[in-house]
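Each chain, letter by letter, is given below.
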Amino acid sequence: MKHLLMGTAAIALLAGCTPKTSAPADGDKVALTETTPPTANADGKFETSEGLLLSAPDYWGSWGIDLSVQDTNVAPGNNFYAWTNGKWLDSFVIPSDRSRYGSFDLLAEKSEQRVRKIIDDLAADQPAIDTPEGKIGAYYNAYLDTDAINAAGLAPAQPYIDRINAVQSLDDLAVLFAAPGFSAPVSGFVFADDKDPDTNIFQMRIGGLGLPDRDYYLKTDDKSVELRAKYLDLLTFMLDQAGYEDAASEAQKVLDLETEIAKSDWDRALARNPDITYNKVSKDDLIAMAGDFPLVRTLDTMGIGGETEFLVAEVPPTEAELEAAGISAEDATKLGGGFPAMFQIASDTPLDTWKAYLTAHFLSDFASVLPKDIDDANFAFYGTALRGQPEQRERWKRAVQATQGTLGEAIGKVFVERYFPPENKAEMDDLVVNLRKAMAANLEDLGWMSEATKVKAEAKLDAFTPKIGYPDEFETYDTLVVGNSALDNAIASQKWQTEDNLADLGQPVDRTRWFMTPQTINAYYNPSFNEIVFPAAILQPPFFNISADPAVNYGAIGGVIGHEMGHGFDDQGAKYNGQGVLTNWWTEEDLAAFRQLGDALAKQYSAYCPLDDGETCVNGRLTLGENIGDLGGLSLAYRAYQMSLDGKEAPVIDGLTGDQRFFMSWAQVWRSKYREEATRQQMLSDPHSPPVFRVNGVVRNLDEWYEAFDIQPGDALYLPPEERIRIW
Ligand SMILES: [Zn+2]
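These numbers come from a predicted model, not from an experiment.

Student: Account for the overall build of the chain, naming residues and giving values.
Tutor: Along the backbone of the chain there are 28 helices and 13 strands. Taking all 728 residues of the chain together, the buried fraction comes to 59%. Of the roughly 28100 Å² of accessible surface on the chain, a fraction of 49% belongs to carbon and sulfur atoms. On the chain, the mean spot of the 62 positive side-chain charges and the mean spot of the 112 negative ones are 2 Å from each other.

See below:
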């Protein structure tokens, strides 16, 4: 059963960031002494004073915004995103080993190179293999050693393929579904019970699809048909590699099986709703739901057969439950048959098809540590066909990523020692305090919410826990076994993560735990802990800079803090109270008003159609939580910025007012370019809107933006005041 590290627990900010200057790059505080943008070296890269080579300059002007990329030929009211970033958007060429590039990716490039340095330094001391440092070096080196991987051929994979081929019964299959490394139509993880967040419980959902979402199997447009054909080619190739004589026909059966699983699965936008995905079932009921499939064997193999209760996401809701969850009859048709249907499929499918499925998935899942032709074929589909990325990333970059995926906190411990100045944390603490004050003030002013609900909302706000930088204690990976086989290491990593997670059953919920490493360029809100979390690596320019103009910091990291707080009050997050309990704390009228505001915002975003001549649009429902986070977040950050001025006028800098700089800063952090395929995939499977709408779609709802830039009727982004949506 595939283990999901974060489960539904955390809602992230992003799916998923200079030529040598005369000034020393002391951490991240210095870029601002430069007044002219740097130039690229002969390879088109920008070298930082720290010696990092980046695909775009780590340059943010003299006070925090790079004005050299502004396109003042565009009116801010027609396209604010392009007005702020236009020259960069017009001229930047996405690196061939990327499917997208922007501010987040620039920082990710920095983190990646710093982590490589950390790994090299740790390995240089030749640490013992049973220490975290020794494991990091061994994991990294085994992954890097493509000569050894190619020379070994499929021999390292053979014991796993033999296990698949040894399956002779549904019982055997059920056991294999529980084993690390093997695919399964169900995923599971231990996490806090949404309605009892002090107790850990095993949670399950439908999984095991090779394509990123059920829609990829069900849609009939040309692009979807073409992608499925390419996926079928990939399955055929993998089975051929594994020695199947009838690879093509077996691959078709695997695709048919996955299509049936996809039909049993639920629409991604509807599955965001805990009103229908929170289903506590007894072990007996779970076993009954599995019908003829011996799920008890899977549970026993995982060591969780003694559990008496489980949470299951896809249990078909009753009519009454649908109505209570506000799901229309039309939408309800997008909910497949869920667990009972999926297990029925599992029981009815011939074992030979399951074996082909397991074999093809195994080779694909571990392609990065298998011989080059398998790796290349996998990349041609998942990298190029799905995301439009022309070239595979260099091996060391992938090795860094893989090593971080396994031993991320041990690396993070060193990362924060080297790259996270303690004063950043103090400064962030202040910003968070100010954002909370702004939210409290905004709540006071809300016209659409009753006093009774406001009191509850304030209580939730008071109970927010911020986490900044890094965890108090870092994981030590004591029981992780690393050796010199890259494949065995990858499977050992899965095994360790599953066992580490399962060990939480029966233990008190550990609220100090982090679900991102410090070197990650992202942030998250976790509704069960009612916490907002900001890893160290996002606390750099252009998001955060101690020496930048305050308007810039409020418009960037302030907006990010506000975004994460906003998740506590988005269409789903607002269903959890301050203690992280999934429970309705709203009056009926307020809930209706809130839903209406959400409906209106969803409608706005569904009208943004960037692909196929306006035929392919943002899914306003899938992205609603993120869009509420953005809209609420920027509005909170604006208020916090005003409060920080304490009644004084902000200075005008380079002809720009404080308010103008604030909004430009938000536009700057979302500066990015995507390949068309990457945008397409994001719109189908990611709850975040494409970056241009995270800017233009938000600012056009804020009166303060209209005032700051004198936006008038006739400007493309103009909305009449009564159509502007303000939720928080
Ligand atoms: Zn978010």
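Student: Tell me about the layout of surface pockets, and please be specific about residues and values.
Tutor: Of the volumes computed, that of the second largest pocket is approximately 980 Å³. Lining the second largest pocket are 37 residues, and of these Asn273, Ala325, Gln572, Lys575 and Arg595 lie nearest its centre. Put simply, the parts of the chain that give the lining of the second largest pocket at least two residues each are helix H10 (274–277), helix H13 (319–324) and helix H23 (588–606). For the lining of the second largest pocket, a count of residues per class yields 16 nonpolar, 9 polar and 12 charged.

Student: Describe unusual backbone geometry, and please don't skip the residues or the numbers.
Tutor: In the segment running from Pro541 into Pro542, the intervening peptide bond is cis, with an omega of 10 degrees. Examined against the element boundaries, Pro542 turns out to sit in the loop between strand E12 (531–535) and helix H22 (550–567). Even without a glycine there, the phi angle at Asn530 is positive, about 45 degrees. Within the element layout of this structure, Asn530 appears in the loop between strand E11 (524–526) and E12. In this structure, Asp654 takes a positive phi of about 50 degrees despite not being glycine. With respect to the helices, strands and loops of the structure, Asp654 is situated in the loop between helix H24 (624–645) and helix H25 (658–669). Judged by its relative accessible area of 55%, Asp654 falls in the exposed class.

Student: Explain the state of the cysteines to me, and be specific about the residues and the numbers.
Tutor: Per the stated rule, a full pass over the model turns up 1 disulfide. Disulfide pairing is shown between Cys609 and Cys617; the S-S distance is 2.1 Å. The S-S bond linking Cys609 to Cys617 shows a torsion near 95 degrees; that makes this disulfide right-handed. What makes Cys609 partly exposed here is its relative accessible area of 24%.

Student: If you had to explain the side chain of Ser264 to someone new, which residues and values would you point to?
Tutor: Topologically, Ser264 is positioned in helix H9 (residues 247–264). A polar contact is formed between the side chain of Ser264 and the backbone oxygen of Ile261, at a distance of 2.7 Å. Not counting residues up to four positions away in its chain, the partners in contact with Ser264 are Ile206, Gly336, Gly337, Gly338, Ala341, Met342 and Ile345.

Reading guide: rules and limits
Residues numbered from 1 in each chain as written. Predicted model: local features only at pLDDT ≥ 70, side-chain atom pairs only at ≥ 80, totals over all residues. Heavy atoms only, no water. Helix = DSSP H or I, 4+ residues; strand = E, 2+ residues; numbered from the N terminus. Buried < 20%, exposed > 50% of the residue type's maximum accessible area, 1.4 Å probe, protein only. Areas by Shrake-Rupley, 256 points an atom, 1.4 Å probe, with all protein chains shown as cover. Lys, Arg positive; Asp, Glu negative; His and termini not counted. Charge placed at Lys NZ, Arg CZ, Asp CG, Glu CD. 1 Å grid on protein atoms, 1.4 Å probe; cavity = no way out; pocket = protein on both sides within 12 Å on 5 of 7 lines; lining within 4 Å. Points joined across faces, edges and corners; volume = space filled by probe spheres on them. Nonpolar A, V, L, I, M, F, W, Y, C, P; charged D, E, K, R; others polar. Disulfide = S-S within 2.5 Å. Polar contact = N/O pair within 3.5 Å; in protein donor to acceptor, adjacent residues only side chain to side chain. Contact = heavy atoms within 4.5 Å.

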